Amino acid sequence: MADARRQLRSGAVVLGGMGLLAAALTACSSDPDKRCVDRDSYNALRGYKVVSDKNCTSAKTSVHGVWYYGGKKKSGWVEGGSLTKPRSGSGGSGGRHGGVDRGGFGGGKGSSGG
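Residues numbered from 1 in each chain as written. Predicted model: local features only at pLDDT ≥ 70, side-chain atom pairs only at ≥ 80, totals over all residues. Heavy atoms only, no water.

*Asks:* Can you break down the overall build of the protein residue by residue, with the values?
*Replies:* A tally of regular secondary structure across the protein gives 2 helices and 4 strands. In the protein, the succession of helices and strands from N to C terminus is α-β-β-α-β-β. The proportion of buried residues among the 114 residues of the protein is 16%. Long-range contacts, defined here as pairs at least 24 residues apart, represent 42% of the contacts in the protein between residues at least 6 apart. When the accessible area of the protein is evaluated, it comes to approximately 8,900 Å², of which 55% is carbon and sulfur surface. (Helix = DSSP H or I, 4+ residues; strand = E, 2+ residues; numbered from the N terminus. Buried < 20%, exposed > 50% of the residue type's maximum accessible area, 1.4 Å probe, protein only. Contact = heavy atoms within 4.5 Å. Areas by Shrake-Rupley, 256 points an atom, 1.4 Å probe, with all protein chains shown as cover.)

Below, the structure is given as structure tokens:
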């Protein structure tokens with residue numbers, strides 16, 4: 001009887017550990033590729049200048065750091081992404097602005113504009 005209880009407890013520990021591992025992996029994989037960029041550095045040809053992550057996590061920096069999601073990094077600059085975090089379930093990162101809603105005034109079906 002004691003052996004059966006011991007086996008049951010060890011099985012519960014293994015299952016619990018697997019659940020924690022699955023949750024951690026899911027959380028990591030759902031976080032989109034992000035970089036800290038200088039908000040004031042935008043250049044039409046190069047995009048945004050990539051800066052240290054501390055510029056996005058601390059208010060005591062001289063650089064106006066913001067998170068930039070997706071895009072391609074080249075020579076310390078990143079372009080082709082968005083300053084808006086993609087919503088989960090947005091269908092992946094297809095295109096230059098994957099997961100970003102680009103609405104406007106009366107831009108969709110059901111609007112009063114016709």
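On we go from here.
*Asks:* With reference to specific residues and values, describe the pattern of salt bridges.
*Replies:* Considering all chains together, one arrives at 2 salt bridges under this definition. A salt bridge links Arg39 to Asp40; the shortest N-O distance between them is 3.7 Å. (Salt bridge = Lys/Arg side-chain N within 4 Å of Asp/Glu carboxyl O.)

*Asks:* Please set out the state of the cysteines residue by residue, giving values where relevant.
*Replies:* All told, the structure shown has 1 disulfide when counted by the stated rule. At a sulfur-sulfur separation of 2.1 Å, the disulfide partner of Cys36 is Cys56. For the disulfide bridge between Cys36 and Cys56, the dihedral angle about the S-S bond is near 95 degrees, and by the sign convention the bridge is right-handed. Within this pair, whereas Cys36 is found in strand E1 (residues 34-38), its partner Cys56 is found in helix H2 (residues 54-57), the two being separated by 20 residues in sequence. Overall, Cys36 belongs to the buried group, its relative accessible area being 1%. (Disulfide = S-S within 2.5 Å.)

*Asks:* Can you break down the side chain of Asn55 residue by residue, with the values?
*Replies:* Examined against the element boundaries, Asn55 turns out to sit in helix H2. Residue Asn55 is classed as buried on the basis of its relative accessible area, which comes to 11%. Asn55 has contacts with Cys36, Thr61, Val63 and Gly65, leaving out every residue within four places of it along the chain.

*Asks:* Go over the sheet that holds E1 with me, naming the residues and quoting the values.
*Replies:* Reading across the sheet, the 4 strands line up as E1-E3-E4-E2 and stay open at both edges, with antiparallel pairing between neighbours. Each end of this open sheet is capped by a strand with a single partner; those strands are E1 and strand E2 (48-49). Taken together, the 5 bridges between E1 and strand E3 (residues 65-74) define a ladder with antiparallel strand orientation. Each bridged residue has a counterpart across the sheet, and for Val37 the counterpart in E3 is Val66. (Pairing = 2+ DSSP bridges.)

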